[in-house]
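Each chain, letter by letter, is given below.
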Amino acid sequence: MPKKAAAAKPVSLATWNINSVRARLPLMKAFLDAHDPDILCLQETKVKDADFPHELFEQHGYTTRLIRGQPGYNGVAIFSRLPLAIAEKKNLAGRDDCRHIAATLPDGTVLHNFYVPAGGDVPDAKKNDKFAHKLDVLAEMTRWSAALKKKDGREILVGDLNIAPLETDVWSHKQLLDVVSHTPVETEGMQKMMAARGWVDAVRHFVPAEQKLYSWWSYRSPNWELADKGRRLDHVWVSPQLQDRLRGAQVVKAMRGLEKASDHAPVLVTLA
C-alpha cells in the first residue's frame, strides 16, 4: 500500500516590537532560547541595514533574514528557518520610513510585517500632523486590504499596529477614549480595515473578546505588572483561508519583566 503523506509540521510565528534590536540582544536571546519560533517578525529595530546584528539570528538557525531599517527610528525585519522570498516593501502614506516588509512563504502565503505610526499625543488630525499621518496610513491599509480581498489569496498580517481595538484591549475603556491608540476614530478605522479583507484576529480566535488582554505596558508606570495598565497594540491577523490552520496563540508577557525589556511583549501564533 502507498505510504500516507506526512502531516505538515506546525509553524510558529512571532511578532515583537523590540524597541531597538541592538540594545536588546540579551532579551532577544532569552526569547529565542525559550520559544524558538520558526518565523520571527520585528518592528522598531532602529538600525540601518549595514549595521544590523545578524550573528545572534544566524546562531539560532534563521537562514533567511529580510531587513529594512534606518538609523535610530522605525525599521522592520523578518527572520525564518523556512525559505522565504522578498515580496514587497511598501511606503505608507507617501513616506519612505521603513514601516513595512513582506515575504512569500513556501506555500505561496504572503506574510506582511507592519509598524503603524504611534500618532503622537493629541488625537486631533487638525492639530497633530502625526495623528493625521496615522489616520492616512490606516485609510491606505484599508484600501490595500480591500484589494487583497479581490485577489482572494492567502495572507498573514503581523505587527505593532498601535491600535487597541476592543474595550478589553485596554485597561480602562472609558479613561482611554480620548487617548491615542484607543480613540473611536482609530478603533472604528481598524474595524473597517479588518472588514475590508475579512481579516481574522488570530489571538482573539483563542482568547475570548470578553477577556482582558494586553501586549504593551508603558515605561512610565513604576510597577507595570502590579498596575497592569496595558493595551493590546500588537497583532497577528490571517486571511479567512487560513483560519482553520490556527492552532494556538499567546502574548509572552514574561518578556516584559526581564532586564532592559521592550515596552512590548512578543505575540506568538502557531499554524498547522
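The notes below deal with the structure included here. All of these numbers come straight from a predicted model, not from anything done at the bench.

### Remarks on helix 1 (residues 25-35)
Structurally, the α-helix is built with 3.6 residues per turn, so residues lying three or four positions apart point the same way. If you check which residues of helix 1 are buried, you get L27, M28, F31 and L32. Along helix 1, the residues classed as buried sweep out an arc of 130° about the axis, all on the same side. Seen from the buried face of helix 1, the exposed residues on the opposite side, beyond 90 degrees, are P26 and A34. Each element contacted by the buried residues of helix 1 is listed here: strand 1 (11-17), strand 2 (39-43) and helix 2 (55-59).

### Some points on the side chain of E140
Along the chain, the position of E140 falls in helix 3 (residues 129-151). The side chain of E140 sits in the buried core without any salt bridge; K90 is the nearest counter-charge, 4.5 Å away. If we skip the residues at most four places from it in the chain, E140 touches K90, N91, L92, A93 and G94.

### What to know about the pattern of salt bridges
Should their charged atoms come close, side chains of opposite charge can pair. Enumeration over the complete set of coordinates arrives at 15 salt bridges. With a closest N to O distance of 4.0 Å, K48 and D51 form a salt bridge. Residue K48 is classed as partly exposed on the basis of its relative accessible area, which comes to 40%. Put simply, R197 and E155 hold a salt bridge, and the shortest N to O gap is 2.9 Å. In this pair, R197 is assigned in helix 4 (residues 184-197) and E155 in strand 8 (residues 155-160), connecting sequence segments 42 residues apart. E155 matches R197 in its accessibility class, with the two residues each being buried. Through salt bridges with shared partners, a single network forms among D169, D201, R204 and R232.

### Description of the packing of aromatic side chains
Within this structure, the stated rule accounts for 10 aromatic pairs. Ring geometry for F52 versus F79: centroids 5.7 Å apart, planes at 40°, classification tilted. Of the two residues, F52 is situated in the loop between strand 2 and helix 2 and F79 in strand 4 (residues 76-80); the sequence distance between them amounts to 27 residues. Judged on exposure class, the residue F52 and its partner F79 are both buried. Cluster of aromatic residues (ring-pair linked, three or more members): F52, F57, Y62 and F79. Across from the ring centre of Y62, 4.5 Å away, lies the NZ or CZ of R81, which sits over that ring. Looking at K229, its charged tip hangs above the ring of W171, at a distance of 4.6 Å from the centre.

### Some thoughts on the sheet that holds strand 3 (residues 64-68)
Read across the open sheet, the six strands follow the order 3-4-2-1-14-13; overall the sheet is mixed. Every interior strand has two partners, whereas the edge strands, strand 3 and strand 13 (246-251), have only one. Taking the axes of each pair of neighbouring strands and ignoring which way they run, one obtains an average angle of 10° across the sheet. Both strand 1 and strand 14 (residues 267-271) contribute to a ladder of five bridges, which runs antiparallel. Note on strand 14: the bridge partner recorded for A14 is L268.

Definitions and cut-offs
- Going along each chain's sequence as written, the residues are numbered from 1 onward.
- Reporting in this predicted model follows two pLDDT cut-offs: at least 70 for local features of residues, and 80 or more for side-chain atom pairs to be given and counted; totals over whole chains, interfaces and linings ignore these cut-offs and use all residues.
- The side-chain quantities take in all heavy atoms of the structure and omit both hydrogens and water.
- Buried, partly exposed and exposed residues are distinguished by accessible area as a fraction of the type maximum, computed with a 1.4 Å probe on protein chains only: under 20%, between the cut-offs, and over 50%, respectively.
- The numbering of helices and of strands both runs from the N terminus, where a helix is a DSSP run of H or I of at least 4 residues and a strand a run of E of at least 2.
- Think of the arc as the fan of directions from the helix axis to the C-beta atoms.
- Any two residues whose heavy atoms approach within 4.5 Å at even a single point are treated as in contact.
- We score Asp and Glu as negative and Lys and Arg as positive, and we do not count His or the chain ends.
- The term salt bridge refers to a pairing of a side-chain nitrogen on Lys or Arg with a carboxyl oxygen on Asp or Glu at a separation within 4 Å.
- Stacked, edge-to-face and tilted labels apply to pairs of Phe, Tyr and Trp rings (six-membered ring for Trp) whose centres lie within 6.5 Å, assigned for plane angles under 30 degrees, over 60, and everything in between, in that order.
- Note on criteria: charge over ring means Lys NZ or Arg CZ within 6 Å of the ring centre, with the direction from the centre no more than 35 degrees off the ring normal.
- Any two strands between which DSSP finds at least two bridges are classified as paired.
- Only the contacting stretch of a helix is used when fitting its axis, a line to C-alpha atoms as for every element, and angles between N-to-C directions run 0 to 180 degrees.

None of this, on its own, says anything about what the molecule does.
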